Amino acid sequence: MTEATPRTTLGKVRAHQTQNEGLLFEKSSPGKRAYKLPPLDVPEVNPGALLGESHREDTGALPELSEIEIIRHFTRLSTWNYAIDLGMYPLGSCTMKYNPRVNEFVSRIEGLAEAHPYQPESLSQGSLAIVELLQKCLIEITGMDAITLQPAAGAHGEFTGILLVRAYHESKGNPRRKVLVPDSAHGTNPATAAVCGYQVQNIKSNALGMVDVDELAKVVDEDTAALMLTNPSTIGVFESEIHKIADILHAKGALLYMDGANMNALCGRARPGDFGVDVMHLNLHKTFSTPHGGGGPGSGPVACKAILEPFLPTPVLVRKGDALGWNFDRPQTVGRVRAYYGNYGMFIRALAYILANGPDGLRQTTEDAVLNANYIRKNLEDLYELPYTTASMHEVVFSDKRQAAKGIRTGDIAKRLIDYGFHPYTVSFPLIVSGALMIEPTESESREELDLFIDAMRAIAKEVEENPDLVKHAPHSTRVSRLDEVTAARKPVLRWKPQ
Ligand SMILES: *Cc1c(COP(=O)(O)O)cnc(C)c1O
């Protein structure tokens, strides 16, 4: 080629052959092995004598394969998946950003990867220094006074945070019964409040998609333990009256919990501790680039103001003279919420990300994430309905109102997006928007990738007008066509059984 082909004219996807794949059980043939052990050079021990009743003679049917068969099986399966390493993953509220390889490199350094939680403190000073430094960075980023890294996910962080709130009110001899949750909240918020024993009271959003401050003032009373607020909210809108919200709560002795899963919109620009938040969680697997797919492990640190510090889970990292160590002697603690000290490998990755970016880099990241969301908004708002015109932060929420007139709903558009080579956006959430399309590009995407996404969404809007059936029955390019989601949810078949 003499002339460079502009990337966008290539389009995003082509049909690509992938092989069909049986189950390992189906491929198995007796006697195949993927290992070879050296001859035994110690006396053989009868496992029954060692293990007693826990010893099983019959291990059931296990597949028998060679090494290359196993490698090919899993490698082929991995090519069926969509991943952030393949392309844009605009799943709103999830912050599916790229996981920089430097994080992985650092987490695999032998002294860190092989450290054991039962190692004595004197031999763990380096590992503990990482915990200390990450805690300091996150306290600085959030503007809070203290932190625990123990919780293993965002929802687990919420649970821990609300336990702190409960312990705080109980310590004042005033256990309260209510937790307020706006109607725009992530589903985990009301679930957390209920699991912690609170009555959940819903707060309506106003026309801007924010908490209705007058309505809030009416419902906060001496029985209110806290308000759980996501900021920016799940429609990607910043609560501009957050100070007033905090004042209303504090005047009645209630606390402000912030769901910090959306910190990708604030990191390096605004600190929850400075706008009245008492306790919050972070999702390291969202804002701080630790892996999100593959089922985790996640990490949901909880940062709080000094008034909640006595209740933090044990152990708490402290200075013991020149050394670092764990303090288990904390009479007011809510206790442990996680084995050992949390998902330590995630701490290393998050710290590597924070240090690699530095303060200016983190701020730039936030600005790019917000810019990318607004670039998409600007380029799609003529075709897709924007239910809230309030300025968008890191994500933009459209509704399928115009497409619904043609019988096409948000889920159909999302399935058609798969044919264009993208992971779907978040469908039908938040609930306050009927037929929501929730799109969060994150800062990871280049202008070129964003343009491809916009082209795809525009092409689909046109298809809805001209050939709605094409969209209705999408996806057409995948190994499996549209599934019966109701049956899959109600009658799942989760087990393979030999014939
Ligand atoms: C992702 C998310 C959560 C829950 O985090 P998990 O790690 O999935 O438990 C809570 N709130 C909001 C707003 C989120 O986006």
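Residues numbered from 1 in each chain as written. Predicted model: local features only at pLDDT ≥ 70, side-chain atom pairs only at ≥ 80, totals over all residues. Heavy atoms only, no water.

### Description of the site of the ligand
Then, number 1: Neighbouring the ligand are 13 residues, the closest being Ser-93, Gly-154, Asp-259, His-285 and Lys-286.
Then, number 2: Within the contact set of the ligand, an oxygen atom lies 2.6 Å away from a side-chain nitrogen or oxygen of His-285.
Then, number 3: Summarising the interface, the protein chains cover 86% of the accessible area of the ligand, which totals 380 Å² for the free molecule.
Then, number 4: Ranked by the residues each element gives to the shell around the ligand, the list is headed by helix α7 (residues 154–171), at three residues.
Then, number 5: Broken down by class, the residue content of the shell around the ligand amounts to three nonpolar, seven polar and three charged. (Near = heavy atom within 4 Å. Polar contact = N/O pair within 3.5 Å; in protein donor to acceptor, adjacent residues only side chain to side chain. Areas by Shrake-Rupley, 256 points an atom, 1.4 Å probe, with all protein chains shown as cover. Helix = DSSP H or I, 4+ residues; strand = E, 2+ residues; numbered from the N terminus. Nonpolar A, V, L, I, M, F, W, Y, C, P; charged D, E, K, R; others polar.)

### Details of the side chain of Asn-264
Then, number 1: Within the secondary structure, Asn-264 is located in the loop between β5 (255–259) and β6 (279–281).
Then, number 2: Side chain to side chain, Asn-264 and Glu-443 meet in a polar contact 3.0 Å long.
Then, number 3: Leave out the neighbours within four places in its chain, and Asn-264 touches Thr-95, Lys-97, Thr-287, Thr-365, Thr-366, Ala-369, Thr-442 and Glu-443. (Contact = heavy atoms within 4.5 Å.)

### So, the pairing of β5
Then, number 1: Within β5, five of the five residues are buried, leaving the element largely enclosed by the surrounding structure.
Then, number 2: Burial along β5 is two-sided: the residues Leu-255, Tyr-257 and Asp-259 and Leu-256 and Met-258 are all buried.
Then, number 3: Where strand β4 (residues 224–230) meets β5, five bridges bridge the pair, whose relative direction is parallel. Paired with Leu-227 across the two strands is Leu-256, which belongs to β5.
Then, number 4: Assessed by its sense of winding, the connection that carries the chain from β4 through helix α10 (residues 242–251) to β5 is right-handed.
Then, number 5: With three bridges joining them, β5 and β6 adopt parallel strand pairing. Each bridged residue has a counterpart across the sheet, and for Asp-259 the counterpart in β6 is His-281. (Buried < 20%, exposed > 50% of the residue type's maximum accessible area, 1.4 Å probe, protein only. Pairing = 2+ DSSP bridges. Right-handed = clockwise from strand over helix to strand, strands pointing away.)

### As for the sheet that holds strand β10 (residues 396–399)
Then, number 1: Read across the open sheet, the three strands follow the order β10-β12-β11; overall the sheet is antiparallel. Edge positions in the open sheet fall to β10 and β11 (426–427), since each of these has one partner strand only.
Then, number 2: Of the strand pairs in this sheet, β10 and strand β12 (residues 436–439) are connected by four bridges, and their pairing is antiparallel. Bridged to Ser-399 within β12 is Ala-436.

### Re α10
Then, number 1: All buried positions along α10 are accounted for by Ile-242, Ile-245, Ala-246, Ile-248 and Leu-249. Along α10, the residues classed as buried sweep out an arc of 160° about the axis, all on the same side. For α10, exposure combined with an orientation more than 90 degrees from the buried face picks out Asp-247 and Ala-251.
Then, number 2: The secondary structure elements touched by the buried residues of α10 are α9 (213–219), β4 and β5. (Arc of directions from axis to C-beta.)

### Points about the packing of helix α13 (residues 410–419) against helix α14 (residues 447–466)
Then, number 1: Remark: α13 packs on α14, axes separated minimally by 10 Å, with the N-to-C direction vectors making an angle of 125°. Comparing the axis directions of α13 and α14 gives the class oblique. Every pair of crossing elements has a handedness; the one defined by α13 and α14 is right-handed. Residues Ile-413, Arg-416 and Leu-417 of α13 form the contact with α14, whose own contacting residues are Phe-453, Ala-456, Met-457, Ile-460 and Glu-463.
Then, number 2: Residues that form the contact of α13 with α14 fall into these classes: six nonpolar, no polar and two charged. (Axes fitted to C-alpha atoms, helices over the stretch in contact; angles between N-to-C directions. Parallel < 35°, antiparallel > 145°, perpendicular 65-115°, else oblique. Left-handed = near helix turned anticlockwise from the far one by under 90°.)

### Comments concerning a nonpolar patch on the surface
Then, number 1: Taken together, the side chains of Leu-23, Phe-25 and Trp-496 present a nonpolar region at the surface, about 250 Å² in accessible area.
Then, number 2: For Phe-25, the position within the fold is in helix α1 (residues 24–27). (Patch = residues over 30% accessible without salt bridge, like charges linked within 9 Å, V, L, I, M, F, W, Y side chains within 5 Å. Salt bridge = Lys/Arg side-chain N within 4 Å of Asp/Glu carboxyl O.)

### Points about the packing of aromatic side chains
Then, number 1: Per the counting criterion, the structure on display carries eight aromatic pairs.
Then, number 2: Their ring planes at 50° and their centres at 6.1 Å tell us that Tyr-384 and Phe-398 sit as a pair that is tilted. Taken together, the positions of Tyr-384 in the loop between α11 (344–380) and β10 and Phe-398 in strand β10 put the pair 14 residues apart, joining distant regions of the chain. Here Tyr-384 and Phe-398 have matching classes, each one buried.
Then, number 3: Lying over the aromatic face of Trp-80, Arg-479 brings its terminal NZ or CZ to 3.8 Å of the ring centre. (Phe/Tyr/Trp six-rings, centres within 6.5 Å; stacked < 30°, edge-to-face > 60°. Lys NZ or Arg CZ within 6 Å of the ring centre and 35° of its normal.)

### Digging into the layout of surface pockets
Then, number 1: When its volume is computed, the largest pocket comes out at roughly 1,800 Å³.
Then, number 2: Thr-79, Trp-80, Asn-81, Tyr-82 and Leu-86 are, among the 46 residues lining the largest pocket, the residues nearest its centre.
Then, number 3: Residue assignment for the lining of the largest pocket shows that the elements contributing at least two residues are α3 (67–79), α4 (101–107) and α13.
Then, number 4: Per-element tally for the lining of the largest pocket: the top contributor is α13, with five residues. (1 Å grid on protein atoms, 1.4 Å probe; cavity = no way out; pocket = protein on both sides within 12 Å on 5 of 7 lines; lining within 4 Å. Points joined across faces, edges and corners; volume = space filled by probe spheres on them.)

### Focus: the nonpolar core
Soluble globular proteins tend to pack their nonpolar side chains together in the buried interior.
Then, number 1: Among the nonpolar cores identified, the biggest contains 50 residues, and Leu-134, Leu-138, Leu-216, Ile-245, Leu-256, Phe-288 and Ile-354 are the most heavily contacted of them.
Then, number 2: Sequence-distant contacts of Ile-354, that is, excluding residues within four places in its chain, are made with Leu-134, Cys-137, Leu-138, Ile-141, Phe-288 and Leu-362. (Core = buried A, V, L, I, M, F, W, Y, C linked by side-chain atoms within 4.5 Å.)

### A closer look at the sheet that holds strand β3 (residues 199–203)
Then, number 1: Strand order across the open sheet formed by seven strands is β1-β7-β6-β5-β4-β2-β3, with mixed pairing between neighbours. In this open sheet, the two strands that pair with only one neighbour each are β1 (146–148) and β3. Geometrically, the sheet is characterised by an average inter-axis angle of 20° between neighbouring strands, direction not taken into account.
Then, number 2: By the bridge criterion, five bridges tie strand β2 (residues 178–182) to β3 in an arrangement that is parallel. Note that in β3 the partner of Pro-182 across the bridge is Ile-203.
Then, number 3: Against the sheet, helix α6 (residues 125–142) engages β1, β6 and β7 (302–304), with an angle of about 125° to β1.
Then, number 4: The sheet contacts of α7 involve β1, β4, β5, β6 and β7, and relative to β5 the element is tilted by about 175°.

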